[in-house]
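# Structural description and commentary
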Amino acid sequence: LWSQDPSHYTLQLFGTYQRDSVQHFIRQHRLSGKAAAFKSQRNGRDWYVLVYGSYSDRSKARRAMNGLPASLSRSVPWVRSFASIHEVLHGAAQ
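Quick look at the structure, then. Starting from 1, residues in each chain are numbered consecutively following that chain's sequence as written. Totals for whole chains, interfaces and linings use every residue, but because this is a predicted model, local features are given only for residues with pLDDT of at least 70 and side-chain atom pairs only at 80 or more, for both listing and counting. Remark: hydrogens and water are excluded; side-chain values derive from all non-hydrogen atoms of the structure.

### Remarks on the overall build of the chain
- Secondary structure follows DSSP: runs of H or I at least 4 residues long count as helices, runs of E at least 2 residues long count as strands, and numbering of each begins at the N terminus. Across its full length, the chain carries four helices and four strands.
- For the chain, the N- to C-terminal ordering of α and β elements is β-α-β-β-α-α-β-α.
- Against the globule reference of 12 Å for 94 residues, the chain gives a C-alpha radius of gyration of 13 Å, in line with a compact fold.
- Taken along its principal axes, the extent of the C-alpha atoms in the chain is 35 × 30 × 25 Å.
- Looking at the chain alone, contacts between residues at least 24 apart form 71% of all its contacts between residues at least 6 apart.
- The accessible surface values rely on the Shrake-Rupley method and a 1.4 Å probe; as for residues, cover is taken only from the protein chains in view. Only carbon and sulfur atoms are counted for the fraction: they give 47% of the accessible area of the chain, which is about 5,900 Å².
- Charge counting follows a simple rule: Lys and Arg are positive, Asp and Glu are negative, and His as well as the terminal groups are ignored. Where a charge sits is defined by one atom per residue type, namely NZ (Lys), CZ (Arg), CG (Asp) or CD (Glu). In the chain, which carries 13 positive and 5 negative side-chain charges, the distance between the mean positions of the two groups comes to 9 Å. For a compact globule the rule gives 2.2 Å times the number of residues to the power 0.38, and the radius of gyration it is set against comes from C-alpha atoms. Only heavy atoms matter for contacts: two residues are in contact if any of them lie within 4.5 Å across the pair.

Right, dumping it as structure tokens:
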């Protein structure tokens, strides 16, 4: 995730307090090697997030989101900047 350009965008597919749920989601949707997961803090607890893809601008990310299979669309993905992820990861590293 650190190697991604902070001006680029990704699709956040899933977020949960349950680490095993992320692994299950990856297996269920055959996303191994296609998505990246990271851990942060939310409400004082570990929060696990799964992101998918890298897009040079928000509109390309939105188009990609609209092209996701129905099984992934049900998780209500949203566009997120890598800058915001870097900020979260930087805070977690301190």
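After that view of the structure, there is still more to cover.
### A word on the sheet that holds strand 3 (residues 45-55)
- Spatially, the four strands line up as an open sheet ordered 2-3-1-4, and their pairing is antiparallel. Bordering the open sheet on either side are strand 2 (35-42) and strand 4 (78-81), each of which pairs with just one other strand. For this sheet the average axis-to-axis angle between neighbouring strands, irrespective of direction, equals 45 degrees.
- Whether two strands pair depends on DSSP finding at least two bridges between them. Sheet analysis places strand 2 next to strand 3, joined by eight bridges and oriented antiparallel. Between N-to-C directions, angles cover 0 to 180 degrees, with each direction set by a line fitted to C-alpha atoms, over the stretch in contact for helices.

### A short note on the environment of Gln4
- Tracing the backbone shows Gln4 in the segment before strand 1 (9-16).
- With 51 residues separating them in the primary sequence, Gln4 and Tyr55 have C-alpha atoms 9.9 Å apart.
- Once you skip the residues sitting within four places of it in the chain, Gln4 turns out to touch Ser54, Phe82 and His86.

### As for the nonpolar core
- To define a nonpolar core, start from buried Ala, Val, Leu, Ile, Met, Phe, Trp, Tyr and Cys residues and group those joined through side-chain atoms within 4.5 Å. For every residue, the accessible area (1.4 Å probe, protein chains only) is compared with the maximum for its type, and the residue is labelled buried under 20%, exposed over 50%, or partly exposed between those bounds. Counting residues in hydrophobic clusters, the biggest one holds 15 residues, and the most contacted among them are Leu11, Leu13, Leu31 and Leu50.
- Mapped onto this core, the elements with two or more residues apiece are strand 1, helix 1 (19-28), strand 3 and helix 2 (58-66).
- Residues within four places of Leu31 in sequence aside, it is in contact with Leu13, Phe25, Ile26, Leu50, Tyr52 and Leu72.
- Counting seven residues, the second-largest nonpolar core is a separate cluster that includes Phe38, Trp47, Phe82 and Leu89.

### Considerations on the pairing of strand 3
- Pairing geometry for strand 1 and strand 3, over six bridges, is antiparallel. Its bridge partner lying in strand 3, Thr16 is registered against Tyr48.
- Turn length for the strand 2-strand 3 hairpin, with the two strands adjacent in sequence and antiparallel, is two residues, and the turn residue Asn43 shows positive phi of about 55 degrees.

### Overview of the pattern of salt bridges
- Put simply, a salt bridge is a Lys or Arg side-chain nitrogen that is within 4 Å of an Asp or Glu carboxyl oxygen. This model, assessed by the stated rule, comprises one salt bridge.
- Asp46 serves as the salt-bridge partner of Lys39, at 3.8 Å between the closest nitrogen and oxygen.

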